[in-house]
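Take a look at the letters that make up each chain.
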Amino acid sequence: QAITIYEEAGQTNMVGRTMLKQATAVGYVDPDRAVGILDDATDYINSITEPLLELCMRHSLAVYLNDAGRTQEAIGVLEDSRGLYKQFPNRIFQLRLRWLEGRINRSLQHLRAAEETFERVAADFLERGLPQEYLLCSIDLAEVVCAQGDRTRTLQICTSLYRALDSWHMHSEGLSVMLLF
């Protein structure tokens, strides 16, 4: 509905922003659908007047392409976007870039490289006070460590995450979900 309202009002930049949010809302459950939304959003994003929005769209597109099993396409988007990442040297953007590179390495079965990236990025997220990103990146780390057969270290990572969630006073249902995860 918001997209329709913005289109009728001629607010094309807001159409692009809303589509980016829509893709984010569905992307983790249905990455193929998110890719389609982002493909459509490119018509509404002006990379000259809003390069940061363009970067966010491209980053999300690469994430969801990778999640949809289209890793080579994700690599292409990432490589085409490196110049944009350089325009925004903010540490958070660079961390998200490195996290994406780790996820691509995981998809390519370069598990050791992915592990090293996830370790560094998770520590940086925690140091910068970004607990959600820390948690998600640490889960990626646990996954690649487990895939390499190191069950003891996987358990150590999950135990550490459990303690962090508990110290953040996460409700018991959330902790239960984390244990299942």
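Q: It is not clear to me how the nonpolar core should be interpreted in this structure. Could you clarify?
A: Soluble globular proteins tend to bury their nonpolar side chains together. In terms of nonpolar packing, the biggest core is built from 30 residues, with L38 and L100 touching the most fellow members. Contributions of two or more residues to this core are made by α2 (12–27), α3 (31–41), α4 (51–67), α5 (71–87) and α6 (91–107). By residue number, the principal contributor to this core is α4, which donates eight residues. Those residues within four positions of L100 in sequence are excluded, and the remaining contacts are H59, A62, V63, L78 and Y85. In terms of nonpolar packing, the next biggest core, distinct from the first, is built from 21 residues, F118, L130, L141 and L165 among them.

Q: Honestly, the pattern of salt bridges in this entry has me stumped. Any pointers?
A: Any two side chains of opposite charge can pair, so long as their charged atoms come close to each other. Counted under the stated rule, the structure contains 18 salt bridges. Close ionic contact of E50 with R17 constitutes a salt bridge, the shortest N to O distance being 2.4 Å. Linking E50 in the loop between α3 and α4 with R17 in helix α2, this pair joins segments that are 33 residues apart in sequence. On the basis of relative accessibility, which here comes to 15%, the residue E50 falls in the buried class. For R17, a relative accessible area of 34% gives the class partly exposed. A salt bridge links E101 to R82; the nearest nitrogen and oxygen atoms lie 2.8 Å apart. Here E101 is found in helix α6, whereas its partner R82 is found in helix α5, with 19 residues between them in sequence. For E101, a relative accessible area of 24% translates into the label partly exposed.

Q: I keep staring at α2 and nothing clicks. Help me out?
A: Given 3.6 residues per turn, any residue in an α-helix points the same way as the ones three and four places further on. With 16 residues, α2 extends 22 Å from end C-alpha to end C-alpha; this agrees with the ideal 22 Å at 1.5 Å per step. V15, G16, T18, M19, L20, A23, V26 and G27 are the residues of α2 that are buried. Buried residues along α2 sit against α1 (2–8), α3 and α4.

Q: For this particular structure, what's the right way to read α6?
A: An ideal rise of 1.5 Å per residue puts 24 Å on 17 residues; α6 measures up with 24 Å between its terminal C-alpha atoms. For α6, the complete set of buried residues consists of F93, L95, L97, R98, W99, L100, G102, R103, I104, N105 and R106. In the core, the buried residues of α6 are packed alongside α4, α5, α7 (111–127) and α8 (131–147). Its side-chain oxygen 2.6 Å from the backbone nitrogen of I92, N90 forms the N-cap of α6. Residue Q109 follows α6 closely and has a positive phi angle near 65 degrees.

Definitions and cut-offs
Residues numbered from 1 in each chain as written. Predicted model: local features only at pLDDT ≥ 70, side-chain atom pairs only at ≥ 80, totals over all residues. Heavy atoms only, no water. Core = buried A, V, L, I, M, F, W, Y, C linked by side-chain atoms within 4.5 Å. Buried < 20%, exposed > 50% of the residue type's maximum accessible area, 1.4 Å probe, protein only. Helix = DSSP H or I, 4+ residues; strand = E, 2+ residues; numbered from the N terminus. Contact = heavy atoms within 4.5 Å. Salt bridge = Lys/Arg side-chain N within 4 Å of Asp/Glu carboxyl O. Expected span 1.5 Å × (residues − 1). Polar contact = N/O pair within 3.5 Å; in protein donor to acceptor, adjacent residues only side chain to side chain.

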